[in-house]
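Each chain, written out:
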Amino acid sequence: MTVNVVSNNGSSGIPPLVFIGGGNMASALIKGCEKKNFVSKNNIVVSVQTEKSAEKWRKQGYENVFTNTLEMLEKYPTAVYILCVKPQVFEEVVSSWPVNSRPKFILSVMAGVPLKTLSGKVSFSRQQNLNSFYFFFQLPFVSGNTTIIRLMPNVASSIGAGASTMCYERNSTIENQEIYIKYARDFAECVGTVEIIPERCFNPAMAIGGSSPAWTFMYIESLADGAVAQGLGRSEAKRLAAQAVLGAAQMVLDSESGFDIETQHFGLLKDKVCSPGGTTIEGVRTLEKNGFRSAVMEAVIAASSKADDMAKATAK
Ligand SMILES: NC(=O)C1=CN([C@@H]2O[C@H](COP(=O)(O)OP(=O)(O)OC[C@H]3O[C@@H](n4cnc5c(N)ncnc54)[C@H](OP(=O)(O)O)[C@@H]3O)[C@@H](O)[C@H]2O)C=CC1
Ligand SMILES: O=C(O)[C@@H]1CCC=N1
């Protein structure tokens, strides 16, 4: 791989972007980075499990689609590999790869698979893992020549509004590793924002960045349902609810609102909406009575704990 990797614009000589797994997350990332011209369609490679999914990708104009990752590895030895399969199947996928032709650069978007596990399983076949002298002395997160970076994106990457987190371990013995790290960062930034964090914080960050869009959709749906119950039309209710959530999020992030995210408390914003003796405070009272904040906190803790459990399971 060459320094071209940092200026990926789809022209010749640029390493292809290979997605192992072509489901929801891969689709969102591909859509997002194509939109920003980070990569062109003909430089995207997708590997899926079933012929049905392969056909779906081909129908959308993607020509480099595989149902056999070994064939793909042979054809694209110097590509950027993005692991987008479920954590439960990744070992099955990588254990079939020949040991001496493993990718040099892997971005993993999988929840619940720590760098150490990735490193151990990507760099050594299962048999070698059990038998090899080096298994016991391998570097913690980077084995052999493979640089592995964990990236936790979210579905909003599809429209360039993703919120990703990233973690990695530097290893000075790997040539050009800074280039790989910059590439990963550029990739994440092209589909939204990215926070670089230590791996020990990865699972709670995954819950907020990766999972919370699902809960936010539920929240928007519930807002709309409440208004529909009171007689508002469904379409108006959906649009209003979504725009209200978007506007509130923008006020938190945009200091033009007068709010400083670094130093101020969310209560300041909340209090601006609650007119004394008014309607909003009645809603606040009802939410508190029904454990709203606690329910949200418990959801974050549950998702993060699930990733902890998955990490234990995938390490075996
Ligand atoms: N969905 C999200 O919002 C987010 C997901 N992630 C992570 O992304 C990863 C994928 O999740 P998601 O996209 O939701 O899952 P999906 O179920 O939508 O996609 C999984 C994909 O993996 C493919 N696959 C399964 N087995 C193999 C195999 N042996 N070789 C090649 N491809 C295979 C499937 O192929 P086929 O279609 O043929 O079955 C499918 O395309 C997970 O690890 C998850 O933690 C991270 C952040 C957010
Ligand atoms: O549900 C999951 O496990 C993945 C990870 C974050 C969002 N979706």
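Residues numbered from 1 in each chain as written. Chains lettered and ligands numbered in written order. Predicted model: local features only at pLDDT ≥ 70, side-chain atom pairs only at ≥ 80, totals over all residues. Heavy atoms only, no water.

### Let's talk about the site of ligand 1
Around ligand 1 there are 22 residues in total, and Asn24, Met25, Thr50, Ser53 and Val85 lie nearest to it. Within the backbone of methionine 25, a nitrogen or oxygen atom sits 2.9 Å from an oxygen atom of ligand 1. In the environment of ligand 1, an oxygen atom lies 3.0 Å from a nitrogen or oxygen atom belonging to the backbone of alanine 111. A per-element tally of the shell around ligand 1 places helix 4 (residues 87-94) first, with three residues. (Near = heavy atom within 4 Å. Polar contact = N/O pair within 3.5 Å; in protein donor to acceptor, adjacent residues only side chain to side chain. Helix = DSSP H or I, 4+ residues; strand = E, 2+ residues; numbered from the N terminus.)

### Topic: the site of ligand 2
All residues in the neighbourhood of ligand 2 are listed as Ala111, Met206, Gly210 and Ser211. In the complex, 47% of the free accessible area of ligand 2, which totals 240 Å², lies under the protein chains. (Areas by Shrake-Rupley, 256 points an atom, 1.4 Å probe, with all protein chains shown as cover.)

### Things to note about the pattern of salt bridges
Scanning the entire structure with this criterion turns up eleven salt bridges. Note that glutamate 199 and arginine 150 form a salt bridge whose closest N and O atoms lie 2.9 Å from each other. Of this pair, glutamate 199 sits in the loop between strand 8 (192-196) and helix 9 (202-229) while arginine 150 sits in strand 6 (residues 147-152), and the two are 49 residues apart along the sequence. The class of arginine 150 is buried, set by a relative accessible area of 3%. Between lysine 182 and aspartate 186 there is a salt bridge, with its nearest N and O atoms 2.9 Å apart. Here aspartate 186 and lysine 182 lie together in helix 8 (residues 177-190), a separation of four residues that amounts to about one turn. For lysine 182, a relative accessible area of 43% corresponds to the partly exposed category. (Salt bridge = Lys/Arg side-chain N within 4 Å of Asp/Glu carboxyl O. Buried < 20%, exposed > 50% of the residue type's maximum accessible area, 1.4 Å probe, protein only.)

### Section: helix 8
Its 14 residues give helix 8 an end-to-end C-alpha distance of 20 Å, which sits within 8% of 20 Å, the value for a rise of 1.5 Å per residue. Counting buried residues along helix 8, ten of its 14 residues qualify, which places the element largely inside the surrounding structure. Within helix 8, the full set of buried residues consists of Gln177, Ile179, Tyr180, Ile181, Tyr183, Ala184, Asp186, Phe187, Ala188 and Cys190. At the exit of helix 8 stands glycine 192, carrying a positive phi of roughly 150°. (Expected span 1.5 Å × (residues − 1).)

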